[in-house]
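Coordinates in review
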Amino acid sequence: MLSRLCRVLCAVVLAACTAPPPAAELRWGGDAEGGAPFVEADPADPSQVRGFDVEIAGLMAQGLGRQPRFTQVGWASIEQSLARGDFDVGLSGVEDRAELRARFAVSLPYYEFREVLTVRSADTARFRTLDDLAQRRVGTLAATMAYRLLLDAQRSEGVIPVSYDDDVHPYSDLLEGRVDAVLLDHVLAERALRRMPGLAIQPAVLARGHYVALFAKEQTALRDSANVVLRARMRDGTLEQLFRRWGVWDSTQAVYQQRLLASNDSASAPAAPAVTASVMTYLPALLRAAVVTLGISLAAMLLAIVAGGAIAAGRVYGSTLLRGALTAYVEVVRGTPVLLQLFVLYYGLSAFIKLPALLAAIIGLGLNYAAYESEIYRSALLSIPRMQLEAARTLGLSEWQVFRLVRGPQALRVALAPMTNDFVALLKDSSLVSVITVVELTKETAIYATNAGSWLVPGLLCAAIYLAMSLPLSHVARRLEARWSVA
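Because the structure is predicted, anything quoted here is derived from the model rather than measured.

Counting its regular elements, the protein contains 18 helices and 13 strands. In the structure as shown, the protein presents an accessible area of about 23500 Å², 63% of it carried by carbon and sulfur atoms.

This is the structure in structure tokens:
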């Protein structure tokens, strides 16, 4: 029995020693939220991804003798995640930029895109170029070549850039008239045309750029090996077949590949000089965004106080039906994310009413925080001893006089501290309004961080500005609370 066990153990050890080692992985990061044709969840199996960047990652992995493994990461965070070692390669429609080459090992530019202007079909004769869009709103993705073109056009022609976090809502807003044009690469523009009738792409090419794969700065050997694979797949026509399958191949792409292969050069056309992402360069924009944040927060808090007070009064003094309706409102608003409420208010109701982004931000935050404020005020009103109220009524005071002279002042003292906490929380939650195109402090900081290639300095500067706005308010509230507590 013992000898049989020894033979089994020896066989297991021998099999383990002679078995081929598991294939190494090529970890690559991309954003499936961006959708086809780059990276998207496979409708047949949402746990898998598909797209031409998915296939390019597979080609590189195959050529390197590895297995591809996908990591989901937000498009704006690909560079930071790659820098901290979350994966080996960043792919998802990453645009070649001069500052990227200073921080990363960049692959050869495997696809050339064109920056084009998309307008409503009825406006094709009015808005042909950016020169025709002076004082008009033009949408794009933040931290892209298109966004920089719009910033230049803002200074020269007075164009109004509108920044989005995705490539779907710019075109839906264009159809609904919230913006007058969209500037993005032709891949995204042509996809939008297939999904949204009523749009047209202007033929003028405003700029040309390239998609690349990003590797860590020290991974030049891996980058060079990947370039060898990409060149081989260009020569044998594999990349052309791949791009044809995804509907992004045209004659200009063929000319570009021939030129790239003939040049035997891994670099793209010279990019514009990188702008130094210094604190002094971005500080004015951050301060302007801080004013927007503070303005939205103050207006939303004022709405929250007024609406919250009305809700609290209705729940304390109202009829059974009114109390039930107000209670349902409070529970629904507190039980759903404010981000969802902003989306519904701005995009979901656009078929009935098209609110300006700034107004939608104020209303959305104000109505959300009104539910929380109402609970503060209701509990403060109910905390006043019943004997005081009965004594006031015995003296002949009306309910309004009881509220104004006895109940209200005491409830305000009780509610002051949590009201202050709510305002500080609202000040921070105002960062969520960037999803409906409002460029506030956090959004401007994200743009700064993307250009700088690091969140450290922009993050610390953003935190300092938030503290500079919130600490004085907390100090004033503490003084008022101390003063009223001895009144």
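Bringing a nonpolar patch on the surface into the picture now. Together, Leu340, Val344, Leu349, Phe352 and Ile353 make up an exposed nonpolar region whose accessible area comes to about 490 Å². Locating Phe352 in the fold gives a position in the loop between α13 (338-348) and α14 (357-382).

Glancing now at the environment of Val438. Its location among the elements puts Val438 in the loop between α16 (399-429) and α17 (441-452). By relative accessible area, Val438 is classed as buried at 7%. Those residues in contact with Val438, other than ones at most four positions away along the chain, are Val292, Ile296, Ala357, Leu358, Ala361, Val433 and Lys443.

Inspection of every chain in the model, using the stated rule, returns 30 salt bridges. When the shortest N-O distance is used, the salt bridge between Arg84 and Asp86 registers 2.6 Å.

Looking at where Ser374 falls in the secondary structure, it is placed in helix α14. Looking at Ser374, the relative accessible area reads 0%, which means it is buried. Here Ala371 takes part through its backbone oxygen, which lies 2.7 Å from a polar atom of the side chain of Ser374.

The next subject is the packing of helix α12 (residues 320-335) against α14. Describing two packed helices takes the angle between their axes plus the distance from one axis to the other. Viewed as axis vectors pointing N to C, α12 and α14 meet at an angle of 120°, and their least axial separation amounts to 9 Å. Here α12 lies oblique to α14, going by the angle between them. The way α12 lies across α14 gives a crossing that is left-handed. Taking contact as the criterion, the partners of Tyr329, Val330, Val333 and Arg334 in α12 are, on α14, Leu367, Asn368, Ala371, Tyr372, Ser374 and Glu375. Residues belonging to the contact of α12 with α14 are distributed by class as follows: six nonpolar, two polar and two charged.

A few words on the environment of Ala134. Assignment of secondary structure puts Ala134 in the loop between β7 (111-120) and β8 (137-141). Taking the C-alpha atoms as reference, Ala134 lies 8.5 Å from Ala153; in sequence the two are 19 residues apart. Among all residues touching Ala134, those that are not within four sequence positions of it are Glu157, Gly158 and Val159.

Here we take up the sheet that holds strand β4 (residues 67-72). Across the sheet, which stays open at both edges, the five strands sit in the order β4-β1-β5-β13-β6 with mixed pairing between neighbours. In this open sheet, the two strands that pair with only one neighbour each are β4 and β6 (105-106). Its contacts with the sheet place helix α2 (residues 52-64) against β1 (25-30), β4, β5 (89-90) and β13 (214-215), and it is angled at close to 160° to β1.

Here we take up the nonpolar core. Counting residues in each nonpolar core, the largest one holds 85 residues, and the members touching the most others are Phe52, Ile56, Met60, Tyr110, Phe243 and Ile436. Broken down by element, the residue count for this core peaks at seven residues, all from α2. Residues in contact with Ile56, not counting those within four places in the same chain, are Leu91, Tyr110, Leu230, Leu239, Leu242 and Phe243. In terms of nonpolar packing, the next biggest core, distinct from the first, is built from eleven residues, Tyr282, Leu286, Leu427 and Tyr466 among them.

Attention now moves to helix α9 (residues 238-245). Because each turn of an α-helix spans 3.6 residues, side chains separated by three or four positions end up pointing in the same direction. Within the span of α9, buried status applies to Leu239, Leu242 and Phe243. For α9, the buried positions fall inside an angular range of 95° around the axis, keeping them on one side. Of the exposed residues in α9, the ones pointing more than 90 degrees away from its buried face are Arg244 and Arg245. Gly247 sits one or two positions beyond α9 and adopts a positive phi of about 70°.

Taken residue by residue, the protein gives an average pLDDT of 86. The fraction at 70 or more is 90%. The low-confidence segment residues 269-277 (pLDDT under 50) makes ten contacts with residues lying over four places distant or belonging to another chain.

With 26 residues, α14 should cover 38 Å at 1.5 Å per step; its first-to-last C-alpha distance of 37 Å lies within 8% of that length. The largest bend in α14 comes to about 30°, at Ala370.

What follows concerns the pairing of strand β9 (residues 160-164). The element β9 is largely enclosed, with a buried count of four among its five residues. Note that β8 and β9 share five bridges and pair parallel. What sits directly across from Gly139, in β9, is Val162. Remark: the β8/helix α5 (residues 145-157)/β9 crossover connection has right-handed handedness.

Quick look at the packing of α2 against helix α8 (residues 220-235) now. At a minimum axis separation of 9 Å, α2 and α8 run at an interaxial angle of 110°. One finds that α2 runs roughly perpendicular with respect to α8. Residues Ile56, Leu59, Met60, Gly63 and Leu64 of α2 form the contact with α8, whose participating residues are Leu222, Ser225, Ala226, Val229, Leu230 and Arg233. Of the residues assigned to the contact of α2 with α8, the class counts are eight nonpolar, two polar and one charged.

Considering the arrangement of structural elements, one finds His210 in strand β12 (residues 207-211). When its relative accessible area of 8% is taken as the criterion, His210 is described as buried. Among the polar contacts listed, one links the side chain of His210 to the side chain of Glu112, at a separation of 3.1 Å.

The backbone of Gln135 sits at a positive phi, close to 65°, despite the residue not being glycine. With respect to the helices and strands, Gln135 occurs in the loop between β7 and β8. The backbone phi angle of Thr437 is positive, close to 75°, even though this residue is not glycine. Tracing the sequence through the fold places Thr437 in the loop between α16 and α17.

Conventions we followed
- Residues numbered from 1 in each chain as written.
- Predicted model: local features only at pLDDT ≥ 70, side-chain atom pairs only at ≥ 80, totals over all residues.
- Heavy atoms only, no water.
- Helix = DSSP H or I, 4+ residues; strand = E, 2+ residues; numbered from the N terminus.
- Areas by Shrake-Rupley, 256 points an atom, 1.4 Å probe, with all protein chains shown as cover.
- Patch = residues over 30% accessible without salt bridge, like charges linked within 9 Å, V, L, I, M, F, W, Y side chains within 5 Å.
- Salt bridge = Lys/Arg side-chain N within 4 Å of Asp/Glu carboxyl O.
- Buried < 20%, exposed > 50% of the residue type's maximum accessible area, 1.4 Å probe, protein only.
- Contact = heavy atoms within 4.5 Å.
- Polar contact = N/O pair within 3.5 Å; in protein donor to acceptor, adjacent residues only side chain to side chain.
- Axes fitted to C-alpha atoms, helices over the stretch in contact; angles between N-to-C directions.
- Parallel < 35°, antiparallel > 145°, perpendicular 65-115°, else oblique.
- Left-handed = near helix turned anticlockwise from the far one by under 90°.
- Nonpolar A, V, L, I, M, F, W, Y, C, P; charged D, E, K, R; others polar.
- Pairing = 2+ DSSP bridges.
- Core = buried A, V, L, I, M, F, W, Y, C linked by side-chain atoms within 4.5 Å.
- Arc of directions from axis to C-beta.
- pLDDT = per-residue confidence, 0-100.
- Expected span 1.5 Å × (residues − 1).
- Bend = angle between axes of the 7 residues up to and from the residue.
- Right-handed = clockwise from strand over helix to strand, strands pointing away.

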